[in-house]
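Topology and contacts: notes
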Amino acid sequence: MSNTPSSDTRSSDSLITTDVETGSNDRTAESRATAVATRDLNVYYGDEQAIDDVSMDIPENRVTALIGPSGCGKSTFLRCINRMNDMIEVCRVEGEVEFGGKNVYDADVDPVALRRRIGMVFQKPNPFPKSIRDNVAYGLKIQGFDGDVDERVEESLKGAALWDEVKDQLDSSGLDLSGGQQQRLCIARAIAPDPEVILMDEPTSALDPVAASKIEDLIDDLAEEYTVIIVTHNMQQAARISDRTAVFLTGGRLVEYDDTAKIFEDPEEQRVEDYITGKFG
Ligand SMILES: Nc1ncnc2c1ncn2[C@@H]1O[C@H](COP(=O)(O)OP(=O)(O)OP(=O)(O)O)[C@@H](O)[C@H]1O
Ligand SMILES: [Mg+2]
C-alpha cells in the first residue's frame, strides 16, 4: 500500500478495525482561541532528542489528546507546557511555549506561578498522606489564597465529581480512598487553584474500567471550564473524549494533528492509520 492511499482504499479499510466511536459531545474546535501554542519546540535529554520541531496550537476549553507509541515524547511534550521538565537536569528545551501572551521559558516567568495556572494530573494517583480536605487545599495554601478555603474545597470536590462520596469524611486520609477516588481527589487538587489548563498524563491507565469511565465523564465536564490536554494510550478513549488529536511518532515528531473525528475516520497519513489500527506501536 502506498503512503497516501486513495479514498477508495480508505473506504474499504478505514479505521475500521478498531470500533472507535468519535464525538461524545457536540463541541467543535473551530474558531476557538488558542490556549497554548508551541513554536519550533525541540527537547533534548543530553544528546538524545525527544521532541522534534513541534509547532502546535491547542484550543481553549477543548480536550486535546496526545497519542503515539511508547517513547515518542508525549510526556516530555506535556511537561514542557508547565515547565515540569525543569526538574530534569539533563533536559534542554529550545523553541517557545506560548501561554497567556508570553513564552513560558522567558526569564521572568515564575514556574511556580505558571503551574498554578497550568495544573497537572499524573498516571498514578498521588494524593498526599494528608486529609482529603488538606489535599484539596494544598495548592491554595501555597498561593496564599485568602478566600473561604472550605468553600473552595467543596467546589473543587464537586468539580471533580467526588463530593457526594467524601463529604462526610473530609478529615480522613486521602490514601484511604479507592484508586478511582484518589485520582478524582488529585483532579480536585489540580482544579482548586482555579487553573486555566489541566495537563493529564494517562490519568486512567492505572484504574479499573468503571473508575476510568467516571474520569472520562469528568474530563468531558471539565472542558466546559478548562483547557484539557491529555496523553492516552487508549485509542477508544482518545476518540471518545477529545475534540482534537495530535499523533506523535518515533523521534518526537508530530505527524498529524486535527479534529479527532478526522484523525480516527480519515487520517491523511498512512502511518497514523497504521498506528491507530494497531499495526504497530
Ligand atoms: N528523565 C529522562 N532522562 C533521559 N531521557 C528521558 C527522560 N524522560 C524521557 N526520556 C527519553 O525521551 C524519550 C521520550 O520519552 P517520553 O517519556 O516523553 O515518551 P512517552 O511518549 O511519554 O512514552 P510512554 O508512552 O512510554 O509514556 C524517550 O526516548 C525516553 O527514553
Ligand atoms: Mg509517557
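A brief look at the structure comes next. Since the structure is predicted, the reported quantities are computational estimates derived from the model, not experimental observations.

1. A short note on the environment of V54
Take V54: it is sitting in strand β2 (residues 48–59). Among residues more than four places away in sequence, those in contact with V54 are T38, L41, F77 and L254.

2. What to know about helix α4 (residues 132–142)
Helical geometry: 3.6 residues make up each α-helical turn, so side chains three or four residues apart lie on a common side. Within the sequence span of α4, burial applies to I132, N135, V136, A137, G139 and L140. Close packing links the buried residues of α4 with α3 (111–117), α5 (149–159), α6 (163–166) and α7 (179–191). Within two residues after α4, G144 carries a phi angle of roughly 65°, on the positive side.

3. Things to note about the nonpolar core
Membership of the largest hydrophobic core comes to 72 residues, with the highest contact counts inside it found for L66, A188, I198, L199, I219, V228 and I229. In this structure A188 touches V136, S156, L157, G159, A160 and L162, once residues within four positions along its chain are discounted.

4. A word on the pairing of strand β1 (residues 34–45)
In the sheet, β1 pairs with β2 via eight bridges, with the strands oriented antiparallel. Residue pairing for β2: L41 is matched across the bridge by V54. Remark: two residues form the turn of the hairpin made by β1 and β2, two consecutive strands paired antiparallel; G46 in that turn has positive phi of roughly 60°. Note: β1 against strand β4 (residues 91–99), eight bridges, orientation antiparallel. Bridge pairing in β4 links Y44 to R92.

5. A closer look at the packing of α4 against α7
What describes two packed helices is the angle between their axes and the distance between those same axes. Direction vectors running N to C along α4 and α7 enclose 35°, while the axes themselves pass 6 Å from each other. Handedness of the crossing formed by α4 with α7: right-handed. Contact residues: I132, N135, V136, Y138 and G139 in α4; L185, A188 and R189 in α7. Of the residues contributing to the contact of α4 with α7, the split by class is five nonpolar, two polar and one charged.

6. Here's the deal with the packing of α7 against helix α8 (residues 209–222)
At their nearest, the axes of α7 and α8 sit 9 Å apart, and the two run at 20° to each other. Between α7 and α8, the angle falls in the class roughly parallel. In this structure, α7 crosses over α8, and the sense of that crossing is right-handed. Packed against α7, whose contacting residues are G179, G180, Q183, R184 and I187, the element α8 presents A211, K214, I215 and L218 at the interface.

7. With respect to the sheet that holds strand β10 (residues 253–259)
Across a sheet, paired strands are connected by hydrogen bonds in the backbone, their directions being either parallel or antiparallel. With respect to topology, six strands assemble into an open sheet ordered β6-β7-β8-β3-β9-β10, the strand pairing being mixed. Both edges of this open sheet fall to β6 (118–121) and β10, since each of them pairs with a single strand only. Neighbouring strand axes in the sheet, compared pairwise and without regard to direction, differ in orientation by 15° on average. Here four bridges tie strand β3 (residues 63–67) to strand β8 (residues 227–231), and the two strands are oriented parallel to one another.

Thresholds, definitions, all that
Going along each chain's sequence as written, the residues are numbered from 1 onward. Chains carry letters and ligands carry numbers; both start at the beginning, A for chains and 1 for ligands, and go up in the order they are written. Totals for whole chains, interfaces and linings use all residues, but because this is a predicted model, local features are given only for residues with pLDDT of at least 70 and pairs of side-chain atoms are given and counted only at 80 or more. Numbering of helices and strands runs from the N terminus, with a helix taken as a DSSP run of H or I at least four residues long and a strand as a DSSP run of E at least two residues long. By definition, residues are in contact whenever their C-beta atoms, placed on the basis of the backbone, come within 7 Å of each other. Exposure classes come from backbone-placed C-beta atoms, where a residue is buried if 20 or more other C-beta atoms lie within 10 Å of its own, exposed if 12 or fewer do, and partly exposed in between. Residues enter a nonpolar core if they are buried, belong to Ala, Val, Leu, Ile, Met, Phe, Trp, Tyr or Cys, and are joined to the set through C-beta atoms within 7 Å. Here, a strand pair is defined by DSSP locating no fewer than two bridges between the strands. Between N-to-C directions, angles span 0 to 180 degrees; the directions come from axes that are lines fitted to C-alpha atoms, helices contributing only their stretch in contact. Crossings are sorted by hand: turned counterclockwise from the far helix by less than a right angle, the near helix makes the crossing left-handed, and turned clockwise it makes it right-handed. Residue classes follow a fixed rule: Ala, Val, Leu, Ile, Met, Phe, Trp, Tyr, Cys and Pro count as nonpolar, while Asp, Glu, Lys and Arg count as charged, and any other residue, Gly among them, counts as polar. By definition in this entry, angles of less than 35 degrees are roughly parallel, angles greater than 145 are roughly antiparallel, angles of 65 to 115 are roughly perpendicular, and the rest are oblique.

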